[in-house]
Amino acid sequence: MSTRSTRSPRRVATVAGGLSVAVTLALRFAVFPYQDHGTPLWELPWMTLGAFALLAVPAYLYAAHGVIAPVAVVVGTYALAVRETWGYFGGLGPPDPGAASTPTILTLYLVFWAVPLAAATAVGGAEYGIRALGTRRGGAEA
């Protein structure tokens, strides 16, 4: 029996989104706490919503339709943003006092979260279309 048929897509999306929020908040407040001093008040709820949507939407698409590409796009780009932020601060702290006032790649990724989400959804739509085309032409679904 497929795991897609035994798990509710909404539940999968909610759990994935919650996990994404937990990881994001841990990174923002425990791993990179020094980048928050100049954060405007509106940014944290916006970035939290984005962290939820960034993984919840692709997880829903996977659970409901078996489309895996959006998950790969979001996880890959998020990991890249974390890696670049880690490299920016040298892994141990800001290299100079002015570094904490400069937006990091992770901050920009979370503020503009709709862009990677739209890209992931477009890639997922292409994957879904290719699978549907293969099924329509008599090919086996991958």
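Everything here concerns the structure above.
Because the structure is a prediction, the values reported are computed rather than measured.

Trainee: Help me get a handle on the pattern of salt bridges, residues and values and all.
Mentor: Once the charged atoms of two side chains with opposite charge are near each other, the side chains can pair. Per the counting criterion, the structure on display carries two salt bridges. With its nearest N and O atoms 3.2 Å apart, the salt bridge here joins glutamate 84 to arginine 83. For arginine 83, a relative accessible area of 54% gives the class exposed. Glutamate 127 is the salt-bridge partner of arginine 131, the closest N and O atoms lying 2.9 Å from each other. Remark: glutamate 127 and arginine 131 occur in helix α6 (residues 114-136); sequence separation between them is four residues, near one turn of the helix. Taking relative accessible area as the criterion, glutamate 127 reaches 14% and is therefore assigned buried.

Trainee: How would you sum up the environment of histidine 65? Please name residues and give values.
Mentor: When you line up the elements, histidine 65 lands in helix α3 (residues 43-65). On the basis of relative accessibility, which here comes to 38%, the residue histidine 65 falls in the partly exposed class. For the pair histidine 65 and proline 9, spaced 56 residues apart in the sequence, the C-alpha separation amounts to 9.1 Å.

Trainee: Any details on helix α4 (residues 69-88)? Residues and values, ideally.
Mentor: An ideal rise of 1.5 Å per residue puts 28 Å on 20 residues; α4 measures up with 28 Å between its terminal C-alpha atoms. What α4 keeps buried is the set Ala69, Pro70, Val74, Tyr78, Ala81, Val82 and Thr85. Contacts made by the buried residues of α4 are with α2 (9-31), α3, α5 (105-111) and α6.

Trainee: Give me the nonpolar core: which residues, what numbers.
Mentor: Leu27, Leu54, Val74, Tyr78, Leu106, Tyr109 and Leu110 are the most contacted members of the largest nonpolar core, which totals 20 residues. For this core, the secondary-structure elements that each account for two or more residues are α2, α3, α4, α5 and α6. With five residues, the single largest contributor to this core is α3. Other than its neighbours up to four places away in sequence, leucine 106 contacts Leu27, Phe32, Tyr78, Ala81, Val82 and Thr85.

Trainee: Let's hear about the packing of α2 against α4: which residues, and what values?
Mentor: Relative orientation and spacing of two packed helices are given, respectively, by the angle between their axes and the distance between those axes. Contact geometry of α2 with α4 gives a least axis separation of 13 Å together with a crossing angle of 5°. As judged from the angle between their axes, α2 and α4 are roughly parallel. Together, Val23, Thr24, Leu27 and Val31 of α2 and Tyr78, Val82 and Trp86 of α4 make up the contact between the two elements.

Reading guide: rules and limits
Residues numbered from 1 in each chain as written. Predicted model: local features only at pLDDT ≥ 70, side-chain atom pairs only at ≥ 80, totals over all residues. Heavy atoms only, no water. Salt bridge = Lys/Arg side-chain N within 4 Å of Asp/Glu carboxyl O. Buried < 20%, exposed > 50% of the residue type's maximum accessible area, 1.4 Å probe, protein only. Helix = DSSP H or I, 4+ residues; strand = E, 2+ residues; numbered from the N terminus. Expected span 1.5 Å × (residues − 1). Contact = heavy atoms within 4.5 Å. Core = buried A, V, L, I, M, F, W, Y, C linked by side-chain atoms within 4.5 Å. Axes fitted to C-alpha atoms, helices over the stretch in contact; angles between N-to-C directions. Parallel < 35°, antiparallel > 145°, perpendicular 65-115°, else oblique.

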